[in-house]
Amino acid sequence: MVTEEEIERVSKLMKIDVDDHKEYVDKVHTMIDYFDILDSAGVESEEISMQEIPISNLREDKYIPFDEKLIKKLNNYKGTYVRAPKMS
Amino acid sequence: MNLKISALEFVQEVKNGNISAEDFVAKTLERIQSVDDKLHAFLHVNEKAVDQAHEIDKKVKSGDRVGACFGMPISIKDNICIKDSKTTCASKMLENFVAPYDATVITKLKEQDAVFVGKVNLDEFAMGLTTEFSAFGPSKNPWNTEYVPGGSSGGSAVSVSAFECIASLGSDTGGSVRNPASFCSTVGYKPTYGLISRYGLISYANSIEQIGPLTRTVKDTAFMLNIISGLDSNDNTTVDNKNEDYLSEIDSGVEGKKIGIITEMIEEGTDPAVLSATKDAISKLENLGATCEEISLDMVKYSVAAYYTITATEAGSNLARYDNIRYGYDFPVEGYEFNSYIAKARRNFGPEVTRRMIIGGFVPSTGHAGKYFLKALKVKSKLTRDINEAFKKFDLLIAPTVPILPFKMGEKIDDPIALFLVDINTVTANLTGKPAISVPFTISNGLPIGIQLLADSMQDKSLLQAAHALEQTVSLPEVPI
Amino acid sequence: MTKIGLEIHCQLTNLESKLFCSCKANYREFEINENICPVCMGLPGSLPRLNQEAVKKGTMIAMALNCITPEKIAFFRKNYFYPDLPKNFQITQLNLYGDTSIGGAGSITVGDKKIRITRIQLEEDPGRLIYEGSSSKNLITLVDYNRAGTPLVEIVTEPDFENPRQVRDFLNILSDLLENLGVSDPSLEGAMRADANVSIEGGKKVEIKNIGSFHDLEKAVHFEITRQESLYSRDIEIIQETRHWDDKRKITISSRSKEEELDYRYFLEGDIPWVRIDSKTQEKLKSKMPESISSKKERYISKYDIPTQVADVLSSDKFYSDLFEESYTEANAKEIANIITTDLMGLVDTREKREESKITAAHLSDLANSIQSGKISRNSAKNALYEIVKTGKDLSQVMSELDLGNVSDESELLGIIQEVVSEEPQAVEQAKSNPQTINYLVGKVMQKTKGKADPKLTLELLKKQIE
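Our subject in this report is the structure included herewith. Owing to the predicted nature of the structure, the values given are computational and were not obtained by experimental measurement.

Regarding the pairing of strand S9 (residues 396–400) of chain B
Residues and elements named next belong to chain B. Counting buried positions along S9 gives 5 out of 5 residues, so the element sits mostly inside the fold. Looking at chain direction, strand S7 (residues 258–262) and S9 are connected through 3 bridges and run parallel. Following the sheet pairing, glycine 260 is matched in S9 by leucine 397. Examined bridge by bridge, S9 and strand S11 (residues 447–455) share 5 bridges and lie antiparallel to one another. When the sheet's bridge partners are listed, isoleucine 398 is paired in S11 with leucine 453.

Focus on helix H1 (residues 7–16) of chain B
All names here are of chain B. Inspection of H1 places Ala7, Phe10, Val11 and Val14 among the buried residues, and these make up the whole buried set. The buried residues of H1 all sit within an arc of 100° when viewed along its axis, so they share a single face. Directly after H1, the chain includes glycine 17, whose backbone phi takes a positive value near 80°.

Thoughts on the side chain of threonine 59 of chain C
All names here are of chain C. Counting through the fold element by element, threonine 59 comes out in helix H1 (residues 52–64). Take threonine 59: its relative accessible area is 1%, and that puts it in the buried class. Among residues more than four places away in sequence, those in contact with threonine 59 are Thr69, Ile102, Ile277 and Leu285.

A look at the state of the cysteines
Residue and element names in this part refer to chain C. For the coordinates displayed, the defined rule picks out 0 disulfides over all chains. With no disulfide partner, cysteine 10 has as its closest neighbouring cysteine sulfur the one in cysteine 67, 14 Å distant. By relative accessible area, cysteine 10 is classed as buried at 1%. The thiol of cysteine 37 is unpaired, and the distance to the nearest cysteine sulfur, on cysteine 21, comes to 3.7 Å. Overall, cysteine 37 belongs to the buried group, its relative accessible area being 8%.

Structural notes on empty space enclosed by the protein
Going through the model one piece at a time under the given rule, you end up with 6 cavities of 30 Å³ or more. Approximately 110 Å³ is the volume attributed to the largest cavity. Together, 15 residues line the largest cavity, and Val39, Leu47, Pro48, Lys87 and Ile91 of chain C are the ones closest to its centre. Along the lines of polarity and charge, the residues of the lining of the largest cavity split into 7 nonpolar, 3 polar and 5 charged. By volume, the second largest cavity amounts to about 80 Å³. What lines the second largest cavity is Lys27 and Met31 of chain A together with Gly128, Leu129, Phe133, Glu352, Arg355, Arg356, Ile413, Pro416, Leu419 and Phe420 of chain B. Mapped onto the lining of the second largest cavity, the elements with two or more residues apiece are helix H2 (21–34) of chain A together with helix H11 (351–362) and helix H13 (416–421) of chain B. For the lining of the second largest cavity, the residue count by class is 7 nonpolar, 1 polar and 4 charged.

Describing the interface of chain A and chain B
At the interface, 50 residues of chain A touch 64 residues of chain B. Between chain A and chain B lies a buried interface of about 5200 Å² when both sides are counted; carbon and sulfur atoms form 65% of it. Here chain A is connected to chain B by 9 salt bridges. Linking lysine 371 of chain B and aspartate 39 of chain A is a salt bridge whose minimum nitrogen-to-oxygen distance equals 2.6 Å. Linking chain A with chain B are 16 residue pairs in polar contact (both at pLDDT 80 or more), by the criterion used here. At the level of secondary structure, the elements contributing two or more residues to the side of chain A that touches chain B comprise helix H1 (4–13), H2 and strand S2 (82–85) of chain A. Among the elements that line the side of chain A that touches chain B, the one with the most residues is H2 of chain A, at 7 residues. Of the residues belonging to the side of chain A that touches chain B, the class tally is 26 nonpolar, 8 polar and 16 charged.

Comments concerning the packing of aromatic side chains
Counted by the stated rule, this structure contains 30 aromatic pairs over all chains. Their ring planes at 75° and their centres at 6.2 Å tell us that tyrosine 322 of chain B and tyrosine 327 of chain B sit as a pair that is edge-to-face. Take tyrosine 327 of chain B: its relative accessible area is 5%, and that puts it in the buried class. An angle of 70° between the planes, with centres 5.1 Å apart, marks the rings of phenylalanine 161 of chain C and phenylalanine 170 of chain C as edge-to-face. The two residues phenylalanine 161 of chain C and phenylalanine 170 of chain C agree in class, both being buried. An aromatic cluster is present here, built from Tyr34 and Phe35 of chain A together with Tyr307, Tyr308 and Phe420 of chain B joined pairwise through their rings. Above the plane of the ring of phenylalanine 407 of chain B lies lysine 412 of chain B, whose end atom (NZ or CZ) is 5.2 Å from the centre. Sitting over the face of the ring of tyrosine 264 of chain C, lysine 78 of chain C holds its NZ or CZ atom 4.6 Å from the ring centroid.

Thresholds, definitions, all that
- Residues numbered from 1 in each chain as written.
- Chains lettered and ligands numbered in written order.
- Predicted model: local features only at pLDDT ≥ 70, side-chain atom pairs only at ≥ 80, totals over all residues.
- Heavy atoms only, no water.
- Buried < 20%, exposed > 50% of the residue type's maximum accessible area, 1.4 Å probe, protein only.
- Helix = DSSP H or I, 4+ residues; strand = E, 2+ residues; numbered from the N terminus.
- Pairing = 2+ DSSP bridges.
- Arc of directions from axis to C-beta.
- Contact = heavy atoms within 4.5 Å.
- Disulfide = S-S within 2.5 Å.
- 1 Å grid on protein atoms, 1.4 Å probe; cavity = no way out; pocket = protein on both sides within 12 Å on 5 of 7 lines; lining within 4 Å.
- Points joined across faces, edges and corners; volume = space filled by probe spheres on them.
- Nonpolar A, V, L, I, M, F, W, Y, C, P; charged D, E, K, R; others polar.
- Buried area = accessible area lost by both parts, 1.4 Å probe.
- Salt bridge = Lys/Arg side-chain N within 4 Å of Asp/Glu carboxyl O.
- Polar contact = N/O pair within 3.5 Å; in protein donor to acceptor, adjacent residues only side chain to side chain.
- Phe/Tyr/Trp six-rings, centres within 6.5 Å; stacked < 30°, edge-to-face > 60°.
- Lys NZ or Arg CZ within 6 Å of the ring centre and 35° of its normal.

Have a look at this one:
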């Protein structure tokens, strides 16, 4: 059951301002309801696996500076620091 | 000048001196000018393309070493970074983002003297099936402009299909290369996970997505794969394909191959025209010496739910970096508090992306992760085990790429589940990391139908051989634009 | 029953590059935002590239702390929004699907107490924040990303500490251990940080964050224990919460409840496959590990007869033990150990002094041998040492420049001895009957020669003179 409060809580968590929570409730609710189908998959005992590589494949520890002055190409660059909004 | 040639034909013509890259690229840009108003495949066109082709022509004339592409015009999905080029992911959030580096695939193509004619349209951040979720307007299907071209790599498929370029690079997370390829009657390929480097591909669901070429012929795809595949130190998930040559022996055919027909992908809900095309493809393959037999992969029933759960989670995390502080669009930080600034800035995401992120915050959260996200991961594991079993018995698997015909703009945009289910035949290859290809097979009432083949991990070469064999059995009408 | 646990973050400052990219690991010499690249800035399309040496060093640290080191390690995403976090998630380690952190279940002994290590994990450091404007009115947050992506090892302990003193001792042992392993220089600013959790009488656990130094950590823990005891004695409930250390007022303050919204949504980092560290590699790492501090100490005591206190100081400081290891011989080991821990210490007790010091193992060896053979007295050796550290000149050069050599010319010495004997008839008489008291006369000779008389020779000649 997905409520308007849930949508509000999650959108705060994901840091997105949603004007009308109600508008999203219906569609999101439908989508999440659809996911209930996973309950009948019978996969409780499955192990979660992933790609593996040996330690020898990892990057060598070398200092290689990036060949450009990267900071100049980004936003909010006014001299040195990146400017971010104030913290509460 | 005939723009309707394949990549290999183009290379041959330039090598023979019959055409120059510059002329061809200039004609291509004219073509774009004349048709793209109606189709809207392109988000930005590279004005310097003709000059770049000119430079390559100089090399050809002087007998210098020329890269394998010989100046062929290629379009790039706008979620792949080209240095000093706007890369927007069809989103207002990245409206002004200029990539400061090249994606690995771009570096490789540049080395081979490809010319990028422009960046093409997609669903915002690659989340969608029709390109209708692009923040800059949808693309149209060249076979019938009232219909969707598929997505998310809609612009790629349209540009190749409408002869606005020779080939395109798209990205495939749940069918985003194969689906529009099928809807626009081009070849669309998703390689084994890790075969092509994702460095420079703006992440949506990084554990399952791959860059994939869209081309006119299967041989062209093999040609592209030779250039862009391979181990990359910039991407820890790439695998070593030992410089495999995908073009050699592509004519090997399917004699003696065992092909499994995935029953869950031809069930009720499949359009009769699609079903009949699939049956036709199967009998053509049998005529070429393959044996086809049905096989059930029952996890396919849960694959769409698992796919959207996993991708929403990863997207929620991959898109968290878009807080507009380091890059994005013009919105100064002065006067704002951190949390409210970010929330406001991120309102520039479109509604579909917003929906996916809300889901992506919900399904892995404490209290819900066990029911949704973890279960989805387990479905993924079991599906992978099951398909590995299947490949012990079969060399290839076959199914229609999309269970339905292309549909009209706006038809499914308000029905999220109906839209999800368009993916039901394609997400399996992503969830399991297996290579899959959509081969244009027939046109039904003016609308294209593609047939999909899958192979086991790292069997991309034999997959392309089978796809080529199938492709050779049909001769398709020309796109009416 | 007070229970204190620690969460220590240690930068692997001896690595060349960051954890996931090739920018410099030690960011301290750079101008603001000059040590960055698309990866550590989390630019769209960038991907992490794991540093092999970081995994090796992390494994070594785990081994040095007697931890279990798994054959496969995995990385996870910890998702939250903060301006110092370029991707708005941190790549870290977790034990969600089995034991996949770089180290688990270890321990270290502090005095007679065994402190259990819960786990060790590799993770990336965020950038640094500065607030423009005063804290009550800050208008803008300034961010420097040079540090973002620096390799960190997080060491989490069980709440086994019983008092702040144990905490301090543990941190000293840990710093020495990490320095000795060659993975980090703990004296670099910000290289080691720690958070603590405190509970008393089986009550709720309170976390303390934002502690700037180890010095502050001890204070913070002490304050928190006092605060909790005071509440307890008045029957007031101790709330389970996170508090931060206010350095100005020297107290812990309850953090805003913004923490409650946090749900990190941990999941596997899809861009980094699981890394296999097979047993062969692990054995190789173990065999290449530098000798541990306790083993060195043992060796110094048992093989060279160095006193325990001296061995303690010598073994636990890498700068000293390196010098010692390079310079000693069987014969002069004890003497060198002595020189280092008494005279040299005062001259190289800070980072800057050590960086500027010009002393080498050869110098020490020279000095020790000269003292033993009587060429220079202990006193003069002190002066010579000062000069050597400052200038790096040869011992012989310093000795002649400053006239520090012992007076070992017999006739010269005899002359002075005769002077003393004539000046101290009573002492001479005493010495005849009670030989021990001859030292007084030796002292007088020393005075006259400003400490440069060869003590052995002086004694010999004095004895003869008195007979």
